[in-house]
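This is what each chain is made of:
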Amino acid sequence: MMFSWTDYVRAVATTEQIPTRYRKLRVVQLAQAIVESARGTSKLFQEAGNPGGLKWRDKIDDNYTEKITHQIWLVTPSEPNGCYWCHWKTAEQAAMGYWRFIGRPNSPYQGWEAYDNDPEGYLQYIWEKGYATDPNYVSKVKNVFPEAQSLLDEYGGEQPPPSRIFKVAIMPGHGGTDSGAVNHTLNLREKDYNWKEAVEVKARLEAEGNYQVIICRQENELASLSTLQQRANDSGANVCLCLHHNACNRQAKGWWLFYVNRSPEFEKFIKIMDKHFRGLPLQARGYEYAGTPFAHDWYSRVWNCTHACTMPTILFESCFIDNDADATWLRDGGYQQIVEKICAGVKEYLGSQPPIVNPPQPEKFVFVCDANPPLNVRKGAGSNYDPVGRLDNGTRLTVVGEEGNWLKISKPIEGYVHRDLTKSSYCVFVNDPNPPLKVRSGAGTNFSVVTELTNGTPLNVIGTDDNWLRIDKPVEGYVFTSLTSSLHRVFAADANPPLNVRSGPGTTYEKVGQLDNNTALTVVDAGLDSQGARWLRISSPCSGWVLESLTSDRLMGSGINPPASNLSESEQYDYCAEIITHNGGTLRKRNLISFRKETSTKVNDWHGCYDDITYMIWKDGAGKHARKYASNTEPSSQYEDSNNPLADRNRMGVDANGDGRLDLGRLPEGYYKYKTGTSATLGKVLCPTASAMAERDTSHDGLFQPNEPRASAGTTMLFHQGGETNPFSAGCQTMPPNEYTRFWNDLNSNGDPGVIGYTIVRWCSIA
């Protein structure tokens, strides 16, 4: 349920956002809701927060800055085949949304304003204009006018005085083993004064009686930048203070303020703070915007500290602690003056904000984020209780209580989960079969495109809307759920191997393992360390965190291994699919991927050999499939333009370098498209859909070198059956007879495979 029936009644009775001249019509609005939602018991009310039976229409929010109306597909008794309905997430939005629906541009109800003093006339007018098809609709609604009016009187009486409780989040910089800037002459550490000021601001503001201050780390804790910003957002704070002290060359001095969001409230907050800070007896450097694009490279460090905060946020560099004059002033009581100015700025800014009038307590949601999914949901608050269910990463949980480190949840199942295995947001990765992924401004393809992202990009999900995910990093917007994945695969790529795996996102965390380069890593989350560097949380081959810059989406060195033999068929599918998409391929009804060994064309007495491996992958109702075949992807010198008696077949190839000799060719590594066909001499074949350039052995040494010229192969590089031990390939992809029969049957097991994607990669092993 989005909100209760009582919440909706109260919203209709009290919300000030319904224009005053229409408030006499509230009795009609509430009476319609009584009839349409059966007093809040209908499926449409329960699942969409829609009490008026309003179908989705364009332009509902067109005349408003704040967009509150969403769309949702539901099957209801009145629409057994389903349709799109309006979807509101709070009672206040549903109350306002009704009037936006009625008054939207091109509304069929235009002219209804003439009845703003006549509830019965208004009801009759909108019915005649098509609000409902029931011929008895007007009388049904009028019959509950007395009930609706009674509810309005009950919930619309004298309201208690406004409550002006404001929340302030403080992120003291550095901490734990990270001292921040240090003045070695005076033995002052930045982290100590960041903490002192945070504690003093909290004490002073909370003494006022109408402030709640949340310090986002413990005194000796080194929390990552992403964790600090997440905690600030989770607190529901009205403003956030990121406390730091500067350092440069021991000569620079003074205070400096920064912000990274040019929204009006952010700018208003920092201008007020700047005014108060100018009362400090220090050089005034003023305030600066440090958002993207960065005017200076070092602005990125400011941005990393605060960009994820959703409320007005200021990063303070309150003095240069490495400057002896600034530092002496700070030590001798200056930090108290800083606190005074911060509190004055906060109070002036928040004092200008509208009061929070008895805000309804929204449902609390978290998301499953288990390094070793699925997450166990238990009968009680402890690991000694039996599991009652298991949930995948990214599942949204409705929290109804807390017991120590355990959260009591009511949805999607009732039980308890450990707090540390959940997050207020979670990470997914772009996984679009037709990249790049479009990020949109709203939850639907009718919304404008904000930006496009490549596969593998981590996304921070902060909410869901039907089949769409709402993200706030790397940009704000919505992405379609099925075009993302909770897992992402990268490979260890450390210039100084082995790669260290740590217990947390930063080099200050202990090592929990080391991995060789080219080890495949399964990524489940991402975060920033205290310096703003991105770290990846991995679940296999071990659990921990690795620095993203020491990984790669492609293998280092000689090539890529086929799937390990101990992987399940589904895991082999995922492994191959990841390589295909990372190498520019598109996942289709059927995909092929060949792992090629660099083999001389002269092996096996110039006949070649089946030392490559080809996989076919596909998905159907039975799940994910991955089938393996012995194969050959290179020509053999039996077709070479040579007088050697081992070259005993028709000479094949193209003269690529103009020396008068035909040069054998092969498909380079890459992605190609094929379709089924037949040949009078070869039988069942796969044919390329487009011409391809082939690598050529112009030196006739049996190897293909990068510096050798290429020449077109047209569409001659087929897939066809070879012999038992002789591949009979002049550049085609071939398999032994039994393998090719199995291959062909698998290819067509679900009917015509259509266009087939084919990827060639180089295998790590060299023959």
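No experiment lies behind these values; they were computed from the predicted model shown.

1. Notes on the overall build of the chain
Along the chain, the regular secondary structure elements total 15 helices and 42 strands. Residues classed as buried in the chain amount to 50% of the 767 residues present. Summarising the internal contacts of the chain: among those between residues at least 6 apart in sequence, 66% fall at separations of at least 24. With an accessible surface of roughly 34400 Å², the chain has 47% of that area assigned to carbon and sulfur atoms. Charged side chains of the chain number 78 positive and 88 negative; the gap between the two group centres comes to 2 Å.

2. Quick notes on the packing of helix α2 (residues 26-37) against helix α5 (residues 119-128)
Two elements in contact, α2 and α5, have axes whose closest approach is 9 Å; the angle formed by their N-to-C orientations is 55°. By the angle class used here, α2 and α5 are oblique. Of the two possible hands of crossing, α2 and α5 adopt the one that is right-handed. Across from V27, V28 and Q32 in α2, the residues of α5 making contact are P119, Y122, L123 and I126. Tallied by class, residues from the contact of α2 with α5 come to six nonpolar, one polar and no charged.

3. Quick look at the packing of aromatic side chains
Scanning all chains against the criterion turns up 32 aromatic pairs. Between the aromatic rings of W99 and Y122, the centroid separation amounts to 5.9 Å while the plane-to-plane angle is 35°, which identifies the pairing as tilted. With W99 in helix α4 (residues 91-103) and Y122 in helix α5, this pair connects stretches of sequence that are 23 residues apart. With respect to class, W99 is no different from Y122; both count as buried. Plain terms: the ring middles of F269 and Y349 are 4.8 Å apart, the flat faces sit at 40° to each other, and that makes the pair tilted.

4. Some details on the environment of Y211
With respect to the helices and strands, Y211 occurs in strand β6 (residues 211-215). Distance from Y211 to V168, taken between C-alpha atoms, is 7.2 Å for residues 43 residues apart in sequence. Filtering out sequence-adjacent residues up to four positions away, Y211 remains in contact with F166, V168, L205, E206, V346, K347 and L350.

5. With respect to the packing of helix α1 (residues 5-14) against α2
Relative orientation and spacing of two packed helices are given, respectively, by the angle between their axes and the distance between those axes. With their axes 9 Å apart at the nearest point, α1 and α2 run at an angle of 165° to one another. With respect to α2, the element α1 is oriented roughly antiparallel. Here α1 runs over α2; the crossing is right-handed. Within the contact between the two elements, α1 uses W5, Y8, V9, V12, A13 and T14 and α2 uses R26, Q29, L30, A33, I34 and S37.

6. Details of helix α13 (residues 569-582)
It helps to recall that an α-helix has 3.6 residues per turn; residues three or four apart then point in one direction. The end-to-end C-alpha distance of α13 is 20 Å, a good match for the 20 Å that 14 residues give at a rise of 1.5 Å each. Among the 14 residues in α13, 10 count as buried, and that is most of the element. Within the sequence span of α13, burial applies to Q572, Y573, Y575, C576, A577, E578, I579, I580, T581 and H582. Turning to α13, the residues buried within the fold contact β25 (488-492), β28 (520-528), β32 (591-596), β33 (612-620), β34 (623-631) and β42 (756-762). Backbone geometry just after α13 places G584 at a positive phi near 85°.

7. Some remarks on the pattern of salt bridges
Using the criterion set out here, one finds 27 salt bridges in the structure. When the shortest N-O distance is used, the salt bridge between K202 and E206 registers 3.0 Å. With K202 and E206 both in helix α8 (residues 190-207) and four residues apart, this pair spans about one turn of that helix. Accessibility expressed as a relative area gives 26% for K202, which makes it partly exposed.

8. Quick word on a nonpolar patch on the surface
A contiguous nonpolar surface patch, about 310 Å² in accessible area, is contributed by W73, V75 and Y84. Topologically, W73 is positioned in strand β1 (residues 70-76). According to the relative accessible area criterion, W73 is partly exposed, its value standing at 47%.

9. Regarding the sheet that holds β6
Strand order across the open sheet formed by six strands is β6-β3-β7-β10-β8-β9, with mixed pairing between neighbours. A single partner strand is all that each edge strand has here, and the edge strands are β6 and β9 (284-289). On average, each strand axis in the sheet is inclined to that of its neighbour by 20°, with strand direction left out of account. Bridge count for strand β7 (residues 239-246) against strand β10 (residues 313-320) is six bridges, and the pairing is parallel. Within β10, the position partnered with C242 by the bridge is L315. Across the sheet, helix α11 (residues 299-306) touches β3 (166-172), β7, β8 (255-259), β9 and β10, and the angle it forms with β10 is around 130°.

10. As for the sheet that holds strand β35 (residues 665-666)
For sheets, the rule is that strands pair by backbone hydrogen bonds, running either parallel or antiparallel. Taken in spatial order, the three strands make up an open sheet running β35-β38-β39, and their pairing is antiparallel. Strands with a single pairing partner mark the edges of an open sheet, and in this sheet they are β35 and β39 (710-714). When β35 meets strand β38 (residues 692-696), the two strands line up antiparallel, connected through two bridges. Bridging from a neighbouring strand, G665 pairs with R696 of β38.

11. Quick notes on the environment of T454
Relative to the helices and strands, T454 is located in the loop between β20 (449-453) and β21 (458-465). On the basis of relative accessible area, T454 is assigned to the exposed category, the value being 53%. Residues T454 and E317, 137 residues apart in the sequence, show an inter-C-alpha distance of 36 Å.

12. Some thoughts on the nonpolar core
Within the largest apolar cluster, 45 residues are counted, with the highest numbers of intra-cluster contacts made by Y8, L30, Y122 and Y131. Of all the elements in the fold, those that place two or more residues in this core are α1, α2, α4, α5, α6 (137-143) and α7 (145-155). Looking at this core, the element that brings in the most residues is α4, giving eight residues. Core analysis: the second largest hydrophobic core is formed by 42 residues, V201, Y335, I342 and V346 among them.

13. Quick word on the state of the cysteines
For the coordinates displayed, the defined rule picks out zero disulfides. No disulfide involves C216; its sulfur sits 5.8 Å from that of C240, the nearest cysteine. For C216, a relative accessible area of 3% gives the class buried. Not part of a disulfide, C609 finds its nearest cysteine sulfur in C732, a span of 16 Å.

14. Considering the pairing of strand β11 (residues 364-368)
Where β11 lies against strand β14 (residues 396-403), four bridges are found, and the strand directions are antiparallel. Directly across from F367, in β14, lies its bridge partner R396. Here two bridges tie β11 to strand β17 (residues 422-423), and the two strands are oriented antiparallel to one another. The residue bridging V368 from the neighbouring strand is T422, located in β17.

15. Quick notes on the environment of P264
Note that P264 resides in helix α10 (residues 264-277). A relative accessible area of 67% means that P264 is categorised as exposed. For the pair P264 and P312, spaced 48 residues apart in the sequence, the C-alpha separation amounts to 9.3 Å.

16. Notes on helix α12 (residues 324-351)
G333 marks where α12 bends most, by close to 80°. Measuring from the backbone nitrogen of A325 back to the side-chain oxygen at the start of α12 gives 3.0 Å, which picks out N323 as the cap.

What counts, and at which threshold
Residues numbered from 1 in each chain as written. Predicted model: local features only at pLDDT ≥ 70, side-chain atom pairs only at ≥ 80, totals over all residues. Heavy atoms only, no water. Helix = DSSP H or I, 4+ residues; strand = E, 2+ residues; numbered from the N terminus. Buried < 20%, exposed > 50% of the residue type's maximum accessible area, 1.4 Å probe, protein only. Contact = heavy atoms within 4.5 Å. Areas by Shrake-Rupley, 256 points an atom, 1.4 Å probe, with all protein chains shown as cover. Lys, Arg positive; Asp, Glu negative; His and termini not counted. Charge placed at Lys NZ, Arg CZ, Asp CG, Glu CD. Axes fitted to C-alpha atoms, helices over the stretch in contact; angles between N-to-C directions. Parallel < 35°, antiparallel > 145°, perpendicular 65-115°, else oblique. Left-handed = near helix turned anticlockwise from the far one by under 90°. Nonpolar A, V, L, I, M, F, W, Y, C, P; charged D, E, K, R; others polar. Phe/Tyr/Trp six-rings, centres within 6.5 Å; stacked < 30°, edge-to-face > 60°. Expected span 1.5 Å × (residues − 1). Salt bridge = Lys/Arg side-chain N within 4 Å of Asp/Glu carboxyl O. Patch = residues over 30% accessible without salt bridge, like charges linked within 9 Å, V, L, I, M, F, W, Y side chains within 5 Å. Pairing = 2+ DSSP bridges. Core = buried A, V, L, I, M, F, W, Y, C linked by side-chain atoms within 4.5 Å. Disulfide = S-S within 2.5 Å. Bend = angle between axes of the 7 residues up to and from the residue. Polar contact = N/O pair within 3.5 Å; in protein donor to acceptor, adjacent residues only side chain to side chain.

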